[in-house]
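# Commentary on secondary and tertiary structure
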Amino acid sequence: MQGVKVLEVAAWTFVPAAGAVLADWGADVIKVEHPETGDPQRGLSVGAVGARGVGGVSFIMEQPNRGKRSIGLDFTSDDGRALLLKLAAECDVFLTNLLPGSLERARLTVEDLRAVNPKIIYARGTGYGVRGPEANMGGFDGASYFSRGGVAGMLHDPAAPWPPMQRPAFGDIVGGFAIASGIAAALYKREKTGEPSVVDVSLLGLAAWQISPDLVATGLLGEANLPRFTTDEMPNPLVNYYRTSDDRYVQLMFLQADKLWPDACRLMDKPEWKDDPRFATGPARFENRVELISEMRKVFEQKTVAEWRAILSTAQGVWAVVQTPQEVLDDVQTVANGYMRPVRTLDGEHTYDLVMNPVQFDETPPDLVRAPDAGQHTDELLLELGMDYDEIVELKVAGVIN
Amino acid sequence: MTLPLEGIKVLDFSEHGFVPSSAAALGDMGADVVKLERLSGDAGRSIIASGMVATKDGYDYLFELFNRNKRGLGLDVEAPAGREVFERAVKWADVYITNQLPRVRRKLRTEPADLLAINPKLVYAKGHGQGQRGPGAEMGGFDGVSYWARGGVAHVLTEPTFPSLVQQRPGLGDIPSGMFLAGGICAGLVHVMRTGKGVVVDTSLLGAAAWTLGPDLSYSSMTGEQLPTRPEAERSPLTRPYKTADGRWVSLMMIDEARYWAQGLRALGLDDLVDAYPDPASRQTASSKAAVHARINEVIGGLQTDEVVKRLTAHDCIYSVFATPVEVLDDEAVRDNGYLMEHPRDDVRIAAAPVQFDDEALTIRRPGPALGEHSREVLAELGYSKDEIGTLVTDGVVTAV
C-alpha cells in the first residue's frame, strides 16, 4: 500500500482500526481530529484503566492508531471544511465513522468528496448499515455486534448467571479489518478499471458473518436454534475442555475421532479403553458420552497443565491449553511470528508492544510506529498542501486547527 | 455495478472452514474461484461440526457456507498428468490459496517458491494454525484450539462466576480469520498491480486471536498484568446487562454517560433520577451507581422485552437485546441491508462477506459445487480439448460429474 493516501475522519476503535491496518500495510494515513477535544477515545477509560502503562501511553488509543499522522482540524467551520477537502483532493481513500446524517450536515457526502476528487474511494463503518430505519442510529460493538448480532446470545451458557461481557473493542477490531479488506479490494478495482467504490461495513453485518454457521443452520432448520451441548455431554468427548489438577483447562480438538481414538487412549494411559465396547466406536462414544467424559475428567485431573503439555506434545490430534493473555504474549509461536511488535514512546525513553494485524506479506512482519499525539502532524501536513507558516498561524489563531 | 474483484481468478486448494471461507469472501466480491479438491474431496464435506449434523435433504449448511460462489475441480495432483493440469491452473490464476501444512507442500511441490516459479505474478496465500515460523509451523490447527484456547479468547470471555468455560460456536474463529486472509489477498493484488511482482500472504488462527484481543494483549505487554475487568458494580448503570420480566437479557451500552443520562433514564420513566443526580460527579459514587442500577433493574425486570425495546428505541438509546440466531435472521436491519444472501435453494440464507460496495448487497451467484462439478468446464478454459479431458477423466486423474 506504499503510496496510498488515506484521510480518516473517525473516532473510537472500529473505523480507526481500519486505518491502522492500512498503515501497517504501508499507506500514509492522516487522522483528522477536533482541534480541542481530539478523538474521544483519548479520554476513554477501559476496564477501570485509562492512560496507564509505559510512559503514560493509552493502550486503547495506541492499538488502533499506530502508524498514522494526526491533524487537528475543525471541519465544521468553513475554513476547516475547505482544508479538509483540500486534503481529500490529494487522497485515495476517505474513511469515516460519521453517520449518514452527520455527513450530510457536514457536507461530506460521497458527492461532496467526489466533487473535489472524482476517484476517491469512500469507506464507511456504521452500527446497523446504511439502509433501513436505523441507518442513522449510533452503535457500539458491545450492543450492535455482540448483543444484537447474536454473538453473546450464542456464547451464553444457560447455567451462567449472565451472558459473557465482550472484551474491549472485541467486535470493533475485527470490523476494522473488514473495512480495510474492502478498501484493498476497491483499490484493486480502481487500479484496474479507474472506477472508485463506496465501501460499507456495519457491526451488525459483521456479526452475521461471524456467527454465520448458527444463522445459516437456523434458517435451514427452521424455528429451533442449533442445539447446544454442555461440556458434560459434548457429542464427541474428544472435542471438549478438560480441567487439570492445577485448575487450568486443556482443549482437545480431535475431530477425526475414530482415527485418533487409539492415540487418545495412549495419551491418557488407558490402553484398556481402546477396544472397550462402550468407547471403541464413534456411535458407542456418542451413546456413552456422559460416562466417557466423566472418566476422562478423572484422568485429566490427575496431572498439572505442564505435565499435560508434555504428554500431549506427542499427540497426533490437535489440542491447546486455554491460555491467559500473558501466556499468549509469551507463546513461542507469538514470538517466532512477530505477532507483537515493539514501538517507542514519543520521548524515545520506553518501548512497548502492539499487536500486529493478522496478515503478513512476504513472510516478514511489518514494523510499527506509535500512534500520534492529537494534532502532532498538523504543520507538516499543511506545509505538504503548499501553505506557508503565516497562513498556518492564522488558522491556529482562528481555532480551525491546532 | 462491477464487483471489485471481477476478472480475478482464484485457485483455492484448501479444506475445512478457515481458508475456504476466505476464498468464499473473494467469490462474494466478484472473483472467479475454482475450488480444487483431491479425488477424495474436501475433508470438510464429511466433518460433523461440534457433533451437529445439520443437514436437510442432504444439504450440508457448513460446506455451503464456506464454498458458495465457487466452481469445483476434482484432480489427482500427484499423477503426472494431474500435475500438468495443476501447473496450467497455477498459470491461469491470479491468486492461489492453501491451508496445506509445510510437509504436504514439500511433498506436493506446492511451496511458494515452486508456484512463483510457474507464475511470478501470483498472490500466494497461506492460512495456518500457529504461523509460518517456529516449532508450531509444522503443526495443524483448528480454531477451537489455535484461536479460542491457545489464543486466549476463551479465557478472557469466561468470568469467575461462570460454571464452565465459554464454549466456542462452530467456525467462530475460522470465519473472521478467513476475512483477514481475504483482506490480505486484496492488498496483495494491489501490490502485484503496482509492482508487477508476486507476493506471499500469511494469516494464522493464533495471529487472528492476537489481533482480536489487541487491547488485552497490548495492555498486558505494557504492564505485565492482565487487563482487569471492571467489577459489575463499578460499571456505569447505563452500560450493564438487565433481565426483563420474560427472562431475556438487555444490554445498555450508553458509554457516553453524560450525553445519555437524561434520555436513558427518561426512557424508563425514571425522571426523578435525572434530577436526583444533576451533575456527573454525583453519579460516580458507589452508592449512586448501586441506587440507579437497582431502580433500572426494577423497571426492566417488571417489563416484557417488547416494551423495554419500545421505550428505549423511542428515546434513541444505545442498547440491544442479547439476540438469538432466530432473532438475528428476522432483524429488520439484517434484512434491509442484505447481510444474509438469498440462496438458490429458496429456504436457505447464507451470511455475506461483511463488506459492501457501491451501496449494493452481495449475492450468491452459484451454490457450493459438488465434487468435480465444473471439472470439464475449467479444463476446457485451461486449453484442454474434449478428448484430452475425456482421457483425464477415464484415467482417474480428474473427477467430473
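Residues numbered from 1 in each chain as written. Chains lettered and ligands numbered in written order. Predicted model: local features only at pLDDT ≥ 70, side-chain atom pairs only at ≥ 80, totals over all residues. Heavy atoms only, no water.

All right, on to the domain arrangement of chain A then. Buried accessible area, meaning the area lost when the parts come together, often serves as the stated size of an interface. Domain assignment breaks chain A into domain 1 (5–210 + 337–397) and domain 2 (239–323). Taking only C-alpha atoms into account, the centre of domain 1 of chain A sits 44 Å from that of domain 2 of chain A. (Domains from an automatic or database assignment.)

Between chain A and chain B, the residue contacts involve 144 residues of the former and 146 residues of the latter. When chain A packs against chain B, close to 12,700 Å² is buried across both sides, 67% of that on carbon and sulfur atoms. Broken down residue by residue, the surface that chain A buries against chain B is led by Arg167, Trp209 and Leu220 of chain A, which jointly contribute 7%. Our count for the chain A to chain B interface comes out at nine salt bridges. Across the pair Arg194 of chain B and Glu191 of chain A runs a salt bridge whose closest N-O atoms are separated by 3.2 Å. Inspection of the chain A/chain B interface yields 45 residue pairs in polar contact (both at pLDDT 80 or more). The element best represented in the side of chain A that touches chain B is helix α8 (residues 170–193) of chain A, accounting for 15 residues. Where strand β6 (residues 198–202) of chain A meets strand β14 (residues 356–357) of chain B, two bridges bridge the pair, whose relative direction is antiparallel. From the neighbouring strand, Asp200 of chain A faces β14 of chain B, where its bridge partner is Gln356 of chain B. (Contact = heavy atoms within 4.5 Å. Buried area = accessible area lost by both parts, 1.4 Å probe. Salt bridge = Lys/Arg side-chain N within 4 Å of Asp/Glu carboxyl O. Polar contact = N/O pair within 3.5 Å; in protein donor to acceptor, adjacent residues only side chain to side chain. Helix = DSSP H or I, 4+ residues; strand = E, 2+ residues; numbered from the N terminus. Pairing = 2+ DSSP bridges.)

Residue and element names in this part refer to chain B. Along the chain, Asp174 turns up in helix α8 (residues 174–195). Comment: no salt bridge for buried Asp174; closest opposite-charge side chain is Lys70, at 12 Å. When neighbours within four sequence positions are excluded, Asp174 is seen to be in contact with Gly17, Phe18, Ser21, Asp143 and Leu205. (Buried < 20%, exposed > 50% of the residue type's maximum accessible area, 1.4 Å probe, protein only. Lys, Arg positive; Asp, Glu negative; His and termini not counted.)

Let's shift gears to unusual backbone geometry. Residues and elements named next belong to chain B. Phi at Asn69 is positive, roughly 60°, even though this residue is not glycine. By relative accessible area, Asn69 is classed as buried at 2%. Even without being glycine, Arg109 reaches a positive phi, approximately 55°. With respect to the element layout, Arg109 can be found in the loop between α4 (102–108) and α5 (112–118). Given a relative accessible area of 46%, Arg109 falls into the partly exposed group.

Glancing now at the pattern of salt bridges. In this structure the tally under the stated criterion is 53 salt bridges over all chains. Sharing partners across several salt bridges, the network here consists of Glu8, Lys31, Asp39 and Lys68 of chain A.

Membership of the largest hydrophobic core comes to 169 residues, with the highest contact counts inside it found for Trp25 of chain A together with Leu5, Trp148 and Ile296 of chain B. The leading source of residues in this core is α8 of chain A, at 13 residues. With sequence-adjacent residues up to four places away left out, Leu5 of chain B is seen in contact with Ala185 and Tyr188 of chain A together with Leu26, Met29, Gly30, Ala31, Cys186 and Leu189 of chain B. (Core = buried A, V, L, I, M, F, W, Y, C linked by side-chain atoms within 4.5 Å.)

A word on the sheet that holds strand β9 (residues 318–321) of chain A. Residue and element names in this part refer to chain A. Taken together, the three strands give an open sheet; going across it, the order is β7-β8-β9, and neighbouring strands pair in antiparallel fashion. The strands lining the two open edges of the sheet, one partner per strand, are β7 (239–243) and β9. On average, adjacent strands in this sheet sit at an angle of 20° to one another, irrespective of strand direction. Here strand β8 (residues 249–253) pairs with β9 via four bridges, running antiparallel. Counted as the bridge partner of Met253 is Val318 from β9. Where helix α13 (residues 289–300) meets the sheet, its contacts fall on β7 and β8, and the angle it forms with β7 comes to roughly 45°. Most of the contacts of helix α14 (residues 305–312) go to β9, to which it runs at about 160°, and overall it touches β8 and β9. (Axes fitted to C-alpha atoms, helices over the stretch in contact; angles between N-to-C directions.)

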